[in-house]
Structure formats: C-alpha cells, structure tokens
Amino acid sequence: MAPILAVAACVLWAALAVFQIALALGAPWGAFAWGGQHEGVLPGRLRVGSAVSVLLYAVFALVTLDRAGLTDVLPAAVVAPAAWVLVAYLALGVVMNAISRSRAERMTMTPTILVLLVCTLVVALGPARA
C-alpha cells in the first residue's frame, strides 16, 4: 500500500508544483495560497516564495519515494526522520490551511494537504528501507 500512496503523494506534489509555478509566473490565484491575502497576482516576495516551494516539493517527493522503497537516493539514516518531519509539516499545513481567512484556500488546500498527510503518514509508518 505504501508504494501506491507514495506515488499518489507525488502526483499531488507535482500538481502543487504546477500551481506554484503558475503563481510565480503571475497567475491571478493568490486567494488560494499564502493565506489568501492577495486575491489576484501575488506580490514579488510571495512569487519568489512560490518558486522556492517547487524545490521543496521535489525534496518532499523524493523523501516520500525513498521511504516507500521506490528510490534509493537519500542516505537510509536520513529517510525515516525526514519522513516524520514531513508528516509534522503536513499536519501543521492542514491546521494552517483550515484556519486561513481565505475561503478558497480553506476549501481547496485543506483537503489537498490532508490527503498528502494521510499518504505520507502511511508511508512513514511502513517498514524501513533495507
């Protein structure tokens, strides 16, 4: 089950990366990100933040794939703790999105991050990579 959920998580990370790239390039979807304080195009600093997010998502996907045993890129001693840090980060993300002032962000990002959390939690609970 963990490999399937790892792939599902990576599909979501990729979708979020496309979303963040669009925001970084000026898509007027600010209501769905960064607390929803900017309904249109994000200001420059948040556009940079969106671009950086894409790099973080790639690392998150790699941690998830490594923990599920689908890749072997990261040191084994790093993978399990990194997976649990990711679980904690996603749990915080669920809370932060759920309390967002932006209805758009609450309605889209909260369930998205919740699904990522469940997928990552199952992967983190799986057996250690050999």
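Further up the page is the structure itself.
Residues numbered from 1 in each chain as written. Predicted model: local features only at pLDDT ≥ 70, side-chain atom pairs only at ≥ 80, totals over all residues. Heavy atoms only, no water.

Things to note about the side chain of Asn97
Among the secondary structure elements, Asn97 is positioned in helix α3 (residues 76-98). Setting aside chain neighbours within four positions, we find Asn97 in contact with Glu105, Arg106, Met109, Thr110 and Ile113. (Helix = DSSP H or I, 4+ residues; strand = E, 2+ residues; numbered from the N terminus. Contact = heavy atoms within 4.5 Å.)

Some points on the packing of aromatic side chains
The full count for this structure, using the stated rule, is five aromatic pairs. With 5.0 Å between their ring centres and 35 degrees between their planes, Trp13 and Tyr57 make a pair best called tilted. Separated by 44 residues along the polypeptide, Trp13 in helix α1 (residues 2-24) and Tyr57 in helix α2 (residues 44-67) bring together distant segments of the chain. Comparing Trp13 with Tyr57 shows no difference in burial state: the two are buried. Pairing Trp13 with Phe60 gives two aromatic rings, centres 5.1 Å apart and planes at 55 degrees, and the pair type is tilted. With Trp13 in helix α1 and Phe60 in helix α2, this pair connects stretches of sequence that are 47 residues apart. Like Phe60, Trp13 is buried. Through pairs of rings, three or more aromatic residues link up here, namely Trp13, Tyr57, Phe60 and Tyr89. (Phe/Tyr/Trp six-rings, centres within 6.5 Å; stacked < 30°, edge-to-face > 60°. Buried < 20%, exposed > 50% of the residue type's maximum accessible area, 1.4 Å probe, protein only.)

Some remarks on the environment of Ala24
Within the secondary structure, Ala24 sits in helix α1. Separated by 39 residues in sequence, Ala24 and Val63 place their C-alpha atoms 24 Å apart. Each residue touching Ala24, except ones within four places of it in the same chain, is listed here: Arg47, Ser50 and Ala51.

Section: the packing of α1 against helix α4 (residues 103-125)
The geometry of α1 relative to α4 is characterised by a closest axis approach of 9 Å and an angle of 145 degrees between their N-to-C directions. For the crossing formed where α1 meets α4, the hand is left-handed. Contacts from Ala2, Leu5, Ala6, Ala8, Ala9, Leu12, Trp13, Leu16 and Phe19 of α1 reach α4 at Met109, Thr112, Ile113, Val115, Leu116, Cys119, Val122 and Val123. Across the contact of α1 with α4, the residue classes break down as 16 nonpolar, one polar and no charged. (Axes fitted to C-alpha atoms, helices over the stretch in contact; angles between N-to-C directions. Left-handed = near helix turned anticlockwise from the far one by under 90°. Nonpolar A, V, L, I, M, F, W, Y, C, P; charged D, E, K, R; others polar.)

Observations regarding a nonpolar patch on the surface
Nonpolar side chains collect at one region of the surface, where Met1, Ile4, Leu114, Val118 and Val122 lie side by side and expose about 490 Å² of accessible area between them. In terms of residues, the nonpolar patch owes the most to one element, α4, which gives three residues. As for its position among the elements, Val118 is in helix α4. (Patch = residues over 30% accessible without salt bridge, like charges linked within 9 Å, V, L, I, M, F, W, Y side chains within 5 Å. Areas by Shrake-Rupley, 256 points an atom, 1.4 Å probe, with all protein chains shown as cover. Salt bridge = Lys/Arg side-chain N within 4 Å of Asp/Glu carboxyl O.)

As for α1
Its 23 residues give α1 an end-to-end C-alpha distance of 32 Å, which sits within 8% of 33 Å, the value for a rise of 1.5 Å per residue. Gly26 sits one or two residues past α1 and shows a positive phi near 110 degrees. (Expected span 1.5 Å × (residues − 1).)

Considering the nonpolar core
Core analysis: the largest hydrophobic core is formed by 31 residues, its most contacted members being Trp13, Leu16, Tyr57, Leu90, Ile113, Leu116 and Val123. Residue assignment for this core shows that the elements contributing at least two residues are α1, α2, α3 and α4. Ranked by residue count, the leading element in this core is α1, at ten residues. (Core = buried A, V, L, I, M, F, W, Y, C linked by side-chain atoms within 4.5 Å.)

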